[in-house]
Amino acid sequence: MPQKDYVKAARPKANAANRRPARSSAKAAAQAPGKPWLLLIVTFVLISGFVYFLWFLNQQPAVTAPTAKPPAKTVKKDELPAKPTEEPYQYIKELENKEVKVEVAEQQQSSGPYQMQCGSFREQQQAETMKAQIAFAGFTSEVRRTEGERGVWYRVVLGPYESKRQATADRNRLRQQNINTCQIWNWS
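As a starting point, this report considers the structure included with it. These numbers were taken from a predicted model, which means no experiment stands behind them.

Quick notes on the side chain of R155
The residue R155 is located in strand 3 (residues 151-161) in this model. One buried charged residue, R155, remains without a salt bridge, the closest side chain of opposite sign being E142 at 8.0 Å. Within polar-contact distance, the side chain of R155 engages the side chain of Q117 at 3.3 Å. The contacts of R155, once residues within four sequence positions are left out, are Q115, Q117, G119, S120, E142, V143, R144, T146 and W185.

Topic: the nonpolar core
Counting residues in hydrophobic clusters, the biggest one holds 17 residues, and the most contacted among them are M116, C118, I134, L158 and L174. Apart from residues no more than four positions distant in its own chain, L174 is found in contact with M116, C118, I134, A137, F139, L158, I179 and C182.

Looking at a nonpolar patch on the surface
Taken together, W37, L38, I41, V42, F44, V45 and L46 make up a surface patch of nonpolar side chains, about 750 Å² in accessible area. Here V42 shows up in helix 3 (residues 36-59). By relative accessible area, which is 41% here, V42 ends up partly exposed.

Things to note about the packing of aromatic side chains
Counted according to the given criterion, the structure contains two aromatic pairs. An angle of 35 degrees between the planes, with centres 5.9 Å apart, marks the rings of Y52 and W55 as tilted. Within this pair, Y52 and its partner W55 are both found in helix 3, separated by three residues, close to a single helical turn. Put simply, the rings of Y52, W55 and F56 touch in pairs and so form one group of aromatic residues.

Side note on the state of the cysteines
All chains considered together, the criterion is met by one disulfide. Across a sulfur-sulfur distance of 2.0 Å, C118 and C182 are joined as a disulfide pair. An S-S torsion of about 105 degrees defines the bridge between C118 and C182 as right-handed. Placement of C118 in strand 1 (residues 114-121) and of C182 in the loop between helix 6 (164-176) and strand 4 (183-186) is noted, with a sequence separation of 64 residues between them. Exposure class is identical for C118 and C182. Each is buried.

Calculation notes
Residues numbered from 1 in each chain as written. Predicted model: local features only at pLDDT ≥ 70, side-chain atom pairs only at ≥ 80, totals over all residues. Heavy atoms only, no water. Helix = DSSP H or I, 4+ residues; strand = E, 2+ residues; numbered from the N terminus. Buried < 20%, exposed > 50% of the residue type's maximum accessible area, 1.4 Å probe, protein only. Lys, Arg positive; Asp, Glu negative; His and termini not counted. Salt bridge = Lys/Arg side-chain N within 4 Å of Asp/Glu carboxyl O. Polar contact = N/O pair within 3.5 Å; in protein donor to acceptor, adjacent residues only side chain to side chain. Contact = heavy atoms within 4.5 Å. Core = buried A, V, L, I, M, F, W, Y, C linked by side-chain atoms within 4.5 Å. Patch = residues over 30% accessible without salt bridge, like charges linked within 9 Å, V, L, I, M, F, W, Y side chains within 5 Å. Areas by Shrake-Rupley, 256 points an atom, 1.4 Å probe, with all protein chains shown as cover. Phe/Tyr/Trp six-rings, centres within 6.5 Å; stacked < 30°, edge-to-face > 60°. Disulfide = S-S within 2.5 Å.

What follows is the structure, given as structure tokens:
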């Protein structure tokens, strides 16, 4: 079955009466709608008006605001200005003899080594995938199998860390690699 061309079938055919004969370009410019000489005159008037405006601004004298000079004080060079008899700030003398007592809380010793858990999964394959992501970030982790009340879990753990600061630094570097699930806990 031959294919039918629906695009050509949808277009109406132009009548010979609707067609206009092609004009030459010189004749078309002369018969163009509008008046190009009028456009040229308006453009010339606007440009010459702008030039006159600039010339007019250039011919005006510069206007400066009169500056009034304050009357000069007569100060003898040998005399110094009089010192105030009393200091305006009394608290300066009061603070010279004060002692400030600050209570500093003792820093707690680290409560032991820390570990960082980045995931807990039911399937070992998921835990291995997380371990590989952590390895690509440059850290060594291990998968630990734990049995709890609800079944077997595979935990992805980093550590031990001596201080929580070290664990936090590693967690921040993992977050830069879009591993955002890590939690820092005491070692158990």
